[in-house]
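# Overview (structure and organization)
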Amino acid sequence: MHDLVRAALVAADERGQHVADVPLTAIAAKAGISRSTLLRRLGGSRAALDEAVRRSGVDPGGRAPVRERAIEAAGRLIAERGLGAVTLDAVAEAAQCSLPSLHASFEGRDGLLAAVFDRYRPIPDLEALAADPPGSLEETVRTIYQAMITAFGSEPRMLPAVFGDLFSRPDGPAARMAAVIVPRVLHGLDLLLTPQIRAGRLRDLPLPLILQYLLAPMAIHLMLRPTLEGGAGVELPPVEEVSETFTAAFLRAMAP
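Everything in this summary refers to the structure shown in the same document. (Residues numbered from 1 in each chain as written. Predicted model: local features only at pLDDT ≥ 70, side-chain atom pairs only at ≥ 80, totals over all residues. Heavy atoms only, no water.)

## Here's the deal with the overall build of the protein
Counting secondary structure elements, the protein contains 14 helices and 0 strands. Going residue by residue from the N terminus, the α and β elements of the protein occur as α-α-α-α-α-α-α-α-α-α-α-α-α-α. Over its C-alpha atoms the protein spans a radius of gyration of 23 Å, topping by over 25% the 18 Å that the globule rule assigns to 256 residues. Burial analysis of the protein (256 residues in total) assigns 42% to the buried set. Restricting to contacts in the protein with at least 6 residues of sequence separation, those with at least 24 account for 65%. (Helix = DSSP H or I, 4+ residues; strand = E, 2+ residues; numbered from the N terminus. Rg over C-alpha atoms; globule rule 2.2 N^0.38 Å. Buried < 20%, exposed > 50% of the residue type's maximum accessible area, 1.4 Å probe, protein only. Contact = heavy atoms within 4.5 Å.)

Put into structure tokens, the structure is as follows:
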């Protein structure tokens, strides 16, 4: 580890940065090894390197590493301005880092967006829910709706921005992210709902049709709710009451 600490300190000194802000690629180059070899020696995370630097008597830096700052900055930009505003230049300015460090950390804009989506998970972890499913179909539907409410309302509010980009630019970054995320969502819902179909609690329809009937009412409501309550001045019932209404409607419509 001593040689890695020395390489990190030299790279930080040459770049005029804290050790925590120096990309692993630069540290690996200074140590004469590849980035993958460096990560393998560190056990998959740079936390061990930062701790070794701290033990050597050097503060690795008060700020979070570039990768962490960039993910947080990109999440804020998406929530405030939409996916279209997330350029590497804008993220570098918001995160107070350099463009080369962003490229080294994420290998481009798509890599950054993928990391942001993975961090904030604008979709519920349905596979985890399916691993310990609720006892009844009613509770399953109610739990799925609650997960949607949480996903739409969590900060930074990314999910509305993602839908906006999907609707306005079918070939935009949200569509590329959806190509990765949607199969996971479908798999999780399949694990939750297919046993209910087999048990005779749900109509034996193609799963995509069941999912459209299940997800669309709540998704549309959550997307329109801020506009209706804010700009239009429409008085809406509490979202928990809306969830109960949609749950009852789904159960009536999809009962065998």
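## Describing the side chain of Thr247
In this structure, Thr247 sits in helix H14 (residues 239-254). In contact with Thr247, not counting residues within four places along its chain, are Glu138, Val141, Arg142 and Tyr145.

## Quick notes on the environment of Tyr120
Among the secondary structure elements, Tyr120 is positioned in helix H8 (residues 109-120). According to the relative accessible area criterion, Tyr120 is partly exposed, its value standing at 24%. In sequence terms Tyr120 and Leu222 are 102 residues apart; their C-alpha atoms lie 18 Å from each other. Every residue in contact with Tyr120, bar those within four places of it in the chain, is listed here: Ile71, Glu72, Gly75, Pro156 and Met158.

## Some points on helix H11 (residues 159-168)
Residues of H11 that are buried include every one of Leu159, Ala161, Val162 and Asp165, and no others. When H11 is viewed along its axis, its buried side chains cluster within an angular range of 160 degrees and face the same direction. Turned more than 90 degrees off the buried face of H11, the exposed positions are Phe167 and Ser168. Among the structural elements, helix H5 (66-81), H8, helix H10 (137-153) and helix H12 (173-198) are those in contact with the buried residues of H11. (Arc of directions from axis to C-beta.)

## Quick look at the packing of H11 against H12
It is the contact of H11 with H12, at a shortest axis distance of 7 Å, that shows an interaxial angle of 110 degrees. As summarised for this structure, H11 and H12 are arranged roughly perpendicular, according to the angle between their axes. Residues Val162, Asp165 and Leu166 of H11 touch H12, and the partners they reach there are Pro173, Ala174, Ala175 and Ala178. Residues that form the contact of H11 with H12 fall into these classes: 6 nonpolar, no polar and 1 charged. (Axes fitted to C-alpha atoms, helices over the stretch in contact; angles between N-to-C directions. Parallel < 35°, antiparallel > 145°, perpendicular 65-115°, else oblique. Nonpolar A, V, L, I, M, F, W, Y, C, P; charged D, E, K, R; others polar.)

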